[in-house]
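Fold and contact review
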Amino acid sequence: MDSGQLLWIIIVVVVALVIVGLVVFFGRKGKLKADRRRAIAIREKAETDELGAREGEAKAARAEADAQQANVDAERLRREARDGQEEARSVREASQERVREAD
(Lines give C-alpha, C1' and ligand atoms only; values in the text may rest on other atoms or scores of the structure.)
Protein backbone atom coordinates (compact mmCIF):
# COMPACT_ATOMS: atom_id res chain seq x y z
CA MET A 1 0.00 0.00 0.00
CA ASP A 2 1.45 3.31 -1.00
CA SER A 3 0.91 6.67 0.66
CA GLY A 4 -1.74 7.71 -1.89
CA GLN A 5 -3.97 4.77 -1.02
CA LEU A 6 -3.45 5.37 2.68
CA LEU A 7 -4.36 9.02 2.21
CA TRP A 8 -7.59 8.04 0.39
CA ILE A 9 -8.53 5.60 3.15
CA ILE A 10 -7.97 8.28 5.78
CA ILE A 11 -10.07 10.76 3.76
CA VAL A 12 -12.91 8.22 3.38
CA VAL A 13 -12.84 7.45 7.11
CA VAL A 14 -12.83 11.16 8.02
CA VAL A 15 -15.70 11.90 5.60
CA ALA A 16 -17.66 8.92 6.97
CA LEU A 17 -17.12 10.19 10.53
CA VAL A 18 -18.23 13.70 9.50
CA ILE A 19 -21.38 12.28 7.86
CA VAL A 20 -22.18 10.18 10.92
CA GLY A 21 -21.59 13.23 13.12
CA LEU A 22 -23.94 15.36 10.98
CA VAL A 23 -26.63 12.67 11.02
CA VAL A 24 -26.39 12.43 14.82
CA PHE A 25 -26.39 16.23 15.19
CA PHE A 26 -29.45 16.79 13.01
CA GLY A 27 -31.20 13.77 14.49
CA ARG A 28 -30.81 15.21 17.98
CA LYS A 29 -31.91 18.62 16.75
CA GLY A 30 -35.08 17.08 15.29
CA LYS A 31 -35.72 15.13 18.48
CA LEU A 32 -35.29 18.28 20.58
CA LYS A 33 -37.74 20.12 18.34
CA ALA A 34 -40.25 17.27 18.68
CA ASP A 35 -39.72 17.19 22.45
CA ARG A 36 -40.34 20.93 22.64
CA ARG A 37 -43.57 20.57 20.67
CA ARG A 38 -44.69 17.77 22.98
CA ALA A 39 -43.82 19.88 26.03
CA ILE A 40 -45.85 22.79 24.68
CA ALA A 41 -48.81 20.49 24.06
CA ILE A 42 -48.52 19.04 27.57
CA ARG A 43 -48.39 22.55 29.09
CA GLU A 44 -51.44 23.64 27.12
CA LYS A 45 -53.33 20.52 28.23
CA ALA A 46 -52.31 21.17 31.84
CA GLU A 47 -53.52 24.77 31.60
CA THR A 48 -56.82 23.60 30.12
CA ASP A 49 -57.20 21.01 32.89
CA GLU A 50 -56.38 23.63 35.53
CA LEU A 51 -58.99 25.97 34.09
CA GLY A 52 -61.55 23.16 34.09
CA ALA A 53 -60.69 22.32 37.69
CA ARG A 54 -61.13 25.94 38.78
CA GLU A 55 -64.44 26.09 36.93
CA GLY A 56 -65.56 22.94 38.71
CA GLU A 57 -64.55 24.40 42.06
CA ALA A 58 -66.51 27.58 41.30
CA LYS A 59 -69.60 25.53 40.37
CA ALA A 60 -69.25 23.53 43.58
CA ALA A 61 -68.95 26.73 45.61
CA ARG A 62 -72.09 28.12 43.94
CA ALA A 63 -73.94 24.87 44.65
CA GLU A 64 -72.84 25.04 48.29
CA ALA A 65 -74.04 28.64 48.53
CA ASP A 66 -77.37 27.65 46.94
CA ALA A 67 -77.72 24.82 49.45
CA GLN A 68 -77.03 27.16 52.36
CA GLN A 69 -79.59 29.64 51.01
CA ALA A 70 -82.10 26.81 50.68
CA ASN A 71 -81.46 25.88 54.34
CA VAL A 72 -82.00 29.48 55.40
CA ASP A 73 -85.21 29.67 53.36
CA ALA A 74 -86.43 26.36 54.80
CA GLU A 75 -85.76 27.53 58.35
CA ARG A 76 -87.65 30.77 57.67
CA LEU A 77 -90.61 28.80 56.27
CA ARG A 78 -90.56 26.45 59.31
CA ARG A 79 -90.73 29.46 61.63
CA GLU A 80 -93.56 31.00 59.60
CA ALA A 81 -95.43 27.68 59.70
CA ARG A 82 -94.88 27.36 63.46
CA ASP A 83 -96.07 30.94 63.97
CA GLY A 84 -99.12 30.26 61.77
CA GLN A 85 -99.92 27.09 63.72
CA GLU A 86 -99.64 28.95 67.01
CA GLU A 87 -101.89 31.70 65.73
CA ALA A 88 -104.41 29.17 64.43
CA ARG A 89 -104.32 27.35 67.78
CA SER A 90 -104.94 30.63 69.59
CA VAL A 91 -107.86 31.47 67.33
CA ARG A 92 -109.31 27.96 67.75
CA GLU A 93 -108.95 28.15 71.53
CA ALA A 94 -110.59 31.57 71.58
CA SER A 95 -113.39 30.26 69.39
CA GLN A 96 -113.90 27.24 71.61
CA GLU A 97 -113.94 29.53 74.65
CA ARG A 98 -116.70 31.65 73.06
CA VAL A 99 -118.66 28.49 72.25
CA ARG A 100 -118.37 27.39 75.90
CA GLU A 101 -119.46 30.83 77.07
CA ALA A 102 -122.41 30.69 74.69
CA ASP A 103 -123.45 27.31 76.04
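This text goes with the structure placed above it.
Residues numbered from 1 in each chain as written. Predicted model: local features only at pLDDT ≥ 70, side-chain atom pairs only at ≥ 80, totals over all residues. Heavy atoms only, no water.

When helices and strands are tallied, the chain shows one helix and zero strands. By principal-axis analysis of the C-alpha atoms, the chain measures approximately 150 × 15 × 10 Å. Expressed as a percentage of its 103 residues, the buried residues of the chain come to 0%. Looking at charge distribution, the chain has the averaged site of its 20 positive side-chain charges lying 13 Å from that of its 20 negative ones. (Helix = DSSP H or I, 4+ residues; strand = E, 2+ residues; numbered from the N terminus. Buried < 20%, exposed > 50% of the residue type's maximum accessible area, 1.4 Å probe, protein only. Lys, Arg positive; Asp, Glu negative; His and termini not counted. Charge placed at Lys NZ, Arg CZ, Asp CG, Glu CD.)

Once that is clear, we can look at a nonpolar patch on the surface. A contiguous nonpolar surface patch, about 660 Å² in accessible area, is contributed by Leu-6, Ile-10, Val-14, Val-18, Leu-22, Phe-25 and Phe-26. Along the polypeptide, Phe-26 turns up in helix 1 (residues 3–102). (Patch = residues over 30% accessible without salt bridge, like charges linked within 9 Å, V, L, I, M, F, W, Y side chains within 5 Å. Areas by Shrake-Rupley, 256 points an atom, 1.4 Å probe, with all protein chains shown as cover. Salt bridge = Lys/Arg side-chain N within 4 Å of Asp/Glu carboxyl O.)

Relative to the elements of secondary structure, Glu-44 occurs in helix 1. Relative accessible area serves as the criterion here: at 48%, Glu-44 is assigned to the partly exposed category. Sequence separation of Glu-44 and Ala-70 is 26 residues, and the distance between their C-alpha atoms is 39 Å.

Before going further, it helps to examine a positive patch on the surface. Side chains of Lys-29, Lys-33, Arg-36 and Arg-37 sit close together on the surface and give a patch of like positive charge. Counting through the fold element by element, Arg-36 comes out in helix 1.

To continue, consider the pattern of salt bridges. In total, this model carries ten salt bridges according to the counting rule given. Across the pair Glu-80 and Arg-76 runs a salt bridge whose closest N-O atoms are separated by 3.2 Å. Pair noted here: Glu-80 and Arg-76 are both in helix 1, with a separation of four residues, about one helical turn. Among the ionic contacts, a cluster of salt bridges with common partners joins Lys-31, Asp-35 and Arg-38.

If you walk through the whole model with that rule in mind, you get one aromatic pair. A centroid spacing of 5.1 Å and a plane angle of 75 degrees characterise the contact between Phe-25 and Phe-26, whose relative ring orientation is edge-to-face. Since its relative accessible area comes to 49%, Phe-25 is described here as partly exposed. (Phe/Tyr/Trp six-rings, centres within 6.5 Å; stacked < 30°, edge-to-face > 60°.)

For Ala-70, the position within the fold is in helix 1. Residues Ala-70 and Val-91, 21 residues apart in the sequence, show an inter-C-alpha distance of 31 Å.

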